[in-house]
Amino acid sequence: MAIRDIVKWGTPVLHAPSSTVDQIDGEIATLVADMVDTMYAAPGIGLAAPQIGVPLRVIVIDLSVGENKSQLIKLVNPELVEKEGEQRHEEGCLSVPGFGGSPSRPARVVVRGLDLEGRQHVYEGKELLARAFCHEIDHIDGLLFVDRLSPLKRDLLKRKLRKKAKSGDWEE
């Protein structure tokens, strides 16, 4: 498997909805393995395919950052089927290094998606897991946490991000 480059804010694939995966095959399995390796190397707790330049509806999440592999969630075509409550906590993003914000997220979500064998799985996420699911599903919908901030905070952050994207200097 391979560690892939993480694309940064301003890259078109991050700002457009991703395509549904029609067939789960070896190519998708390789993509997921690469995503897991890339997420752990970053290190991060989640990664969506668009973050490595692939416009497909695939996400991986591991709140333990590889410490407990039984927590690793790999989902193809995930969708939010339930959400309730509200929470706000600081979020960062591997595609927006050095910046953070506190978007409004549901306190609890239910997510449905397929595993690599094509079987449907349903997960309930609360608190951090709920935020991670929402954050990664936003990525496959063409949104970043920046897009979920209040208008004033979003505009200020986007100005800074445009400068970073223009200079290409994403060092943290």
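Coordinates for the structure precede this section.
In this numbering scheme, every chain counts its residues from 1 along its sequence in written order. pLDDT decides what is reported in this predicted model: residues at 70 or higher carry local features, side-chain atom pairs at 80 or more are listed and counted, and totals for whole chains, interfaces and linings draw on all residues regardless. In computing side-chain properties, one takes all heavy atoms of the structure into account and sets aside hydrogens as well as water.

**Some points on the environment of Glu27**
- Only DSSP runs of H or I with at least four residues qualify as helices, and only runs of E with at least two residues qualify as strands; both kinds are numbered from the N terminus onward. Here Glu27 shows up in helix H1 (residues 26–41).
- Distance in space between the C-alpha atoms of Glu27 and Glu84 is 35 Å, their sequence separation being 57 residues.

**Observations regarding the sheet that holds strand S8 (residues 108–114)**
- A pair of strands is treated as paired once DSSP finds two or more bridges between them. Spatially, S1-S2-S3-S8-S9 is the arrangement adopted by the five strands of the open sheet, whose pairing is antiparallel. Both edges of this open sheet fall to strand S1 (46–48) and strand S9 (120–126), since each of them pairs with a single strand only. Taking the axes of each pair of neighbouring strands and ignoring which way they run, one obtains an average angle of 35° across the sheet.
- As judged from the six bridges shared by strand S3 (residues 73–84) and S8, these two strands associate in the antiparallel manner. Its bridge partner lying in S8, Glu79 is registered against Arg112.
- By definition in these notes, contact holds between two residues if any of their heavy atoms fall within 4.5 Å. To obtain each axis, a line is fitted to C-alpha atoms, and for helices this fit is confined to the stretch in contact; angles are then taken between N-to-C directions over 0 to 180 degrees. Here H1 sits on the sheet and contacts S1, strand S2 (58–61) and S3; the angle it forms with S2, its principal contact strand, is near 40°.
- Packed on one face of the sheet, helix H2 (residues 128–140) meets S1, S2, S3, S8 and S9 and runs near 155° to S2.

**A closer look at the side chain of Thr38**
- Secondary-structure assignment places Thr38 in helix H1.
- Nitrogen and oxygen atoms within 3.5 Å of one another constitute a polar contact, given that in protein one can donate a hydrogen and the other can accept it, and given that sequence-neighbouring residues count only through two side-chain atoms. Among the polar contacts made by the side chain of Thr38, one reaches the main-chain amide nitrogen of Arg4 at a distance of 2.8 Å.
- Residue contacts for Thr38: discarding those within four places in its chain leaves Ala2, Ile3, Arg4, Ile6, Leu47 and Ile52.

**A closer look at the environment of Ala42**
- Positionally, Ala42 belongs in the loop between H1 and S1.
- Here the term buried applies to any residue with accessible area under 20% of the maximum for its type, exposed to any over 50%, and partly exposed to those in between, with areas from a 1.4 Å probe on protein chains only. Take Ala42: its relative accessible area is 36%, and that puts it in the partly exposed class.
- Between the alpha carbons of Ala42 and Asp5 there is a distance of 9.7 Å; along the sequence they are 37 residues apart.
- Aside from chain neighbours lying at most four places away, what touches Ala42 is Ile6 and Leu94.

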